[in-house]
Amino acid sequence: MPSEMTSHVIEEYGEPDVLTETTIDVPEPDPDEVRVEVVASSVNPVDYKIRQGAIPHFAPELPATLHCDVSGVVDEVGANVTRFDEGDEVYGMPGGAGQQGSLADYVVGHVGTFAHAPESIPLEDAAALPVVALTAWEMLVDKTTVFLGDEVLVYGATGGVGHIGVQLADWFGANVTATASSEEKRALADEFGADATVDYTETDVESYVEKHAGGDGFDVVFDPIGDDHLQTAFDAVGPFGTVVTTESSSTQDISAMHERSLELGVVLVILPVLLGERQERIGDELADIATLVDDGVVEPHIDERFAFEDVTDAHRLGESGDFQGKILLVNE
């Protein structure tokens, strides 16, 4: 076992080129942790926002190894770990905010932040799932209940969280309306399971509520974007409905919540890792998601693949928004 490993770190906050390759010590797992030899990671907005210094309350101690998502092979288990054995293929969300992330040859994390990887997709592809699938799951399962026949509106339907949200809502038996800004994206949303698609750049809220929600409003509005989308969500949701979002840091008029007796659910999926609390829920939910992947319910859409050494290019693409689904990073 080597004592050192390659890691991609930041020593300051800034543009993608602050990510540099270096050598650091291989971490040792604590009694409740596992060490995983990293096969792949993926890019999420939280990763490049931390790199930018845009979310200081998530700021790790520098120098820092970033990235939340990981898939790989268990290399060593802590003394208290019985859930995994050496050689198990796993995926998870062990770090990247508050502790070492996965842009390295090895990562350690609490045993509760991992699950056995889906068997029906390549192990590296599983790294595209944790953050986005956990987020979509918590939005649609923990923060609301989607019933058969519900009208569900999904913003950003071909993005990382959105494309999983469409698949889950379709599996729950909802009538899914997906928003997208181009014909290509709307066609992709159809493939994910959307029953109807809307070009939100050309269609106002009242029009698509009338056409796709009977004029009364949607039962659930799924918003992984925030800002102006969060405001329009309150216009699109019907009486007694629910808005679920990942972005609530903007200032919005929420008077509609009282007027129509609405629910608002907010998800910060990495909070258990940040707090070091309730981390077992991550692994439990990832185990359920792996079953859905193996049952053909959920499939990650991977737009681009980069080697770890090209992480700066991957971050630039992520920030540009010029991709669909997920950007994968492979530890070659």
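Just so you know, these numbers come straight off a predicted model, no measurement behind them.

Each value, and the rule that gives it
- Each chain has its residues counted from 1, following the order in which its sequence is written.
- Local features in a predicted model are, by the rule used here, given only for residues with pLDDT of at least 70; side-chain atom pairs are given and counted only at 80 or more, and totals for whole chains, interfaces and linings are based on all residues.
- As a convention, hydrogens and water are excluded, and side-chain values are obtained from all of the structure's heavy atoms.
- Points on a 1 Å grid over protein atoms alone make up a cavity when a 1.4 Å probe fits among them but cannot get out, and a pocket when they form an open set with protein on both sides within 12 Å along at least five of seven lines; lining residues each have an atom within 4 Å of a point.
- Grid points are joined across faces, edges and corners, and a volume is the space filled by probe spheres set on the points.
- The secondary structure listing takes helices from DSSP runs of H or I that are at least 4 residues long and strands from runs of E that are at least 2 residues long, numbered from the N terminus.
- For every domain, the bounds stem from an assignment made automatically or drawn from a database.
- Take the buried residues of types Ala, Val, Leu, Ile, Met, Phe, Trp, Tyr and Cys, join any two whose side-chain atoms come within 4.5 Å, and each joined set is a nonpolar core.
- Relative accessibility thresholds used throughout: buried, under 20% of the residue-type maximum; exposed, over 50%; partly exposed, between the two (1.4 Å probe, protein chains only).
- The contact criterion used throughout is that any non-hydrogen atoms of two residues lie within 4.5 Å.
- Following DSSP output, two strands are said to pair if at least two bridges run between them.
- Throughout, an axis means a line fitted to C-alpha atoms (over the contacting stretch in the case of helices), and angles, computed between N-to-C directions, take values from 0 to 180 degrees.
- Once two parts are put together, the accessible area they lose, assessed with a 1.4 Å probe and summed over both, is termed the buried area.
- The term salt bridge refers to a side-chain nitrogen of Lys or Arg lying within 4 Å of a carboxyl oxygen of Asp or Glu.
- Think of it as three bins: nonpolar holds Ala, Val, Leu, Ile, Met, Phe, Trp, Tyr, Cys and Pro, charged holds Asp, Glu, Lys and Arg, and polar takes everything else, Gly as well.

A.B. asks: Whenever I open this one, the layout of surface pockets confuses me. Can you help?
C.D. replies: If a probe the size of a water molecule is rolled over the atoms, the empty space left behind becomes visible. Taken as a whole, the largest pocket holds about 1300 Å³ of empty space. Considering every element that reaches the lining of the largest pocket, the biggest residue donor is helix 1 (residues 45-52), with four residues. Each of two domains, domain 1 (4-130 + 270-330) and domain 2 (144-266), supplies a minimum of three residues to the lining of the largest pocket.

A.B. asks: I would appreciate a short explanation of the nonpolar core in the present structure.
C.D. replies: One broad rule of soluble globular proteins: the nonpolar side chains tend to lie buried together. Core analysis: the biggest nonpolar cluster contains 81 residues, and Tyr91, Met93 and Leu168 have the highest contact counts within it. Examining the composition of this core, we find that eight residues originate from one element, helix 2 (residues 130-142), more than from any other. Two domains each donate at least three residues to this core, and these are domain 1 (4-130 + 270-330) and domain 2 (144-266). Excluding residues within four positions of it along the chain, Leu168 makes contact with Ala136, Trp137, Leu140, Leu292 and Val298. Residues Ala213, Phe234, Ala256 and Leu262 belong to the second largest nonpolar core, which totals 17 residues.

A.B. asks: I tried to follow unusual backbone geometry on my own but got confused; where do I start?
C.D. replies: Excluding glycine, most residues fall at negative phi; most peptide bonds, likewise, are trans. In this model, Leu62 is joined to Pro63 through a cis peptide bond whose omega is -5°. The phi torsion at Phe240 lies on the positive side, around 65°, for a residue other than glycine. By the element assignment, Phe240 lies in strand 13 (residues 237-245). Looking at Phe240, the relative accessible area reads 67%, which means it is exposed. The backbone phi angle of Ser261 is positive, close to 50°, even though this residue is not glycine. Mapped onto the elements of the fold, Ser261 is located in the loop between helix 7 (255-259) and strand 14 (263-266).

A.B. asks: So what exactly am I meant to see when it comes to the sheet that holds strand 13 here?
C.D. replies: The strands making up a sheet associate through hydrogen bonds between their backbones, and the pairing can be parallel or antiparallel. The strand order across the open sheet formed by six strands is 11-10-9-12-13-14, and the pairing between neighbours is parallel. Every interior strand has two partners, whereas the edge strands, strand 11 (196-199) and strand 14, have only one. Taken pair by pair, the neighbouring strands of this sheet meet at an average axis angle of 20°, ignoring direction. Judged from the five bridges that link them, strand 12 (residues 218-223) and strand 13 form a sheet pairing that is parallel. Looking across to strand 13, one finds that Val221 is bridged to Val243. Across the face of the sheet, helix 6 (residues 228-236) comes into contact with strand 9 (151-154), strand 12, strand 13 and strand 14 while running at roughly 155° to strand 13.

A.B. asks: How should I be thinking about the domain arrangement of the protein chain in this particular structure?
C.D. replies: The extent of an interface is frequently quoted as the accessible surface area lost upon association of the parts. Each assigned domain of the protein chain is listed with its residue range as follows: domain 1 (4-130 + 270-330) and domain 2 (144-266). The distance between the C-alpha centroids of domain 1 and domain 2 comes to 28 Å. Tallying the contact residues gives eleven residues for domain 1 and twelve residues for domain 2. Here domain 1 meets domain 2 over a buried area of about 910 Å², counting both sides, of which 62% is carbon and sulfur. Interface area lost by domain 1 to domain 2 is led by Val297, His301 and Gln324, which between them contribute 46%. Connecting domain 1 to domain 2 are one salt bridge. For Lys49, the salt bridge goes to Glu247, with nearest N and O atoms at 3.4 Å. In terms of residue class, the side of domain 1 that touches domain 2 is built from five nonpolar, three polar and three charged.

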